[in-house]
Amino acid sequence: QVQLVESGGGLVQAGGSLKLSCAASGRTFSNYAMGWFRQAPGKEREFVAVIRWSGSATYYANSVKGRFTISRDNAKNTVYLQMNSLKPEDTAVYYCAAGVTPIQWPTSPRNYEYWGQGTQVTVSS
């Protein structure tokens, strides 16, 4: 059974930092794209960043480029999202997702098969 478990969310002041973790288990993820999405109240789920288990290339939404960094630790089957210079508009539930897709940079939730339960990030002004 595939499981994605996020952690690391919390309350932080604007300009602060948080690091989210996503622990993956239940299968081999070597062919999977691993993505982070977020969803604010009343809004659709939106793409944040993606990384593949193989290789080191990454891709980001314009809104977080230069502030967020996605990375992975293959030995721990864990993907991270380092978030710096946080803004109030970054407030959302953040989700980790995994999917097998031929798309180089899958940015749609439909590209992903497995999802974590989400972790709340709140940025105060």
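Described below are features of the structure shown in this document.

The rules behind each value
Residues numbered from 1 in each chain as written. Predicted model: local features only at pLDDT ≥ 70, side-chain atom pairs only at ≥ 80, totals over all residues. Heavy atoms only, no water. Helix = DSSP H or I, 4+ residues; strand = E, 2+ residues; numbered from the N terminus. Rg over C-alpha atoms; globule rule 2.2 N^0.38 Å. Contact = heavy atoms within 4.5 Å. Areas by Shrake-Rupley, 256 points an atom, 1.4 Å probe, with all protein chains shown as cover. Disulfide = S-S within 2.5 Å. Buried < 20%, exposed > 50% of the residue type's maximum accessible area, 1.4 Å probe, protein only. Pairing = 2+ DSSP bridges. Axes fitted to C-alpha atoms, helices over the stretch in contact; angles between N-to-C directions.

### Re the overall build of the protein
Here's step 1: Secondary structure assignment for the protein yields zero helices and eleven strands.
Here's step 2: Secondary structure elements in the protein, listed N-terminal to C-terminal, are β-β-β-β-β-β-β-β-β-β-β.
Here's step 3: Its C-alpha atoms give the protein a radius of gyration of 13 Å, near enough to 14 Å, the size a compact globule of 125 residues would have.
Here's step 4: If you line up the protein on its principal axes, its C-alpha atoms span 40 × 25 × 25 Å.
Here's step 5: Restricting the contact set of the protein to residue pairs at least 6 apart, pairs at least 24 apart contribute 58%.
Here's step 6: For the protein, the exposed area adds up to about 6300 Å²; of that, 46% sits on carbon and sulfur atoms.

### Remarks on the state of the cysteines
Here's step 1: For the coordinates displayed, the defined rule picks out one disulfide.
Here's step 2: The disulfide that involves cysteine 22 links it to cysteine 96, with 2.0 Å between the sulfurs. Torsion about the S-S bond of the cysteine 22 and cysteine 96 cystine: about -75°, corresponding to left-handed handedness. One end of the pair, cysteine 22, is in strand E3 (residues 18-25); the other, cysteine 96, is in strand E9 (residues 92-99), and 74 residues separate them in sequence.
Here's step 3: On the accessibility criterion, cysteine 22 (0% relative accessible area) is buried.

### Looking at the environment of aspartate 73
Here's step 1: Along the polypeptide, aspartate 73 turns up in strand E7 (residues 68-73).
Here's step 2: Aspartate 73 gets classed as partly exposed once you look at its relative accessible area, which sits at 24%.
Here's step 3: Note: C-alpha distance between aspartate 73 and alanine 23 (50 residues apart in sequence) is 9.7 Å.
Here's step 4: If sequence neighbours within four positions are ignored, aspartate 73 has contacts with Trp53, Thr78 and Tyr80.

### As for the sheet that holds E7
Here's step 1: The sheet built from four strands is open, its strands ordered E1-E3-E8-E7 with antiparallel pairing. The open sheet has two free edges, formed respectively by strand E1 (3-7) and E7, since each of these has just one partner strand. Strand-to-strand twist of the sheet, defined as the mean angle between neighbouring strand axes without regard to direction, takes the value 15°.
Here's step 2: Of the strand pairs in this sheet, E7 and strand E8 (residues 78-83) are connected by six bridges, and their pairing is antiparallel. Residue pairing in the sheet places aspartate 73 in a bridge with threonine 78 of E8.

### With respect to unusual backbone geometry
Here's step 1: Phi is positive for asparagine 77, which is not a glycine, with a value near 50°.
Here's step 2: Here asparagine 77 is to be found in the loop between E7 and E8.
Here's step 3: Unlike most non-glycine residues, serine 85 shows phi in positive territory, near 50°.

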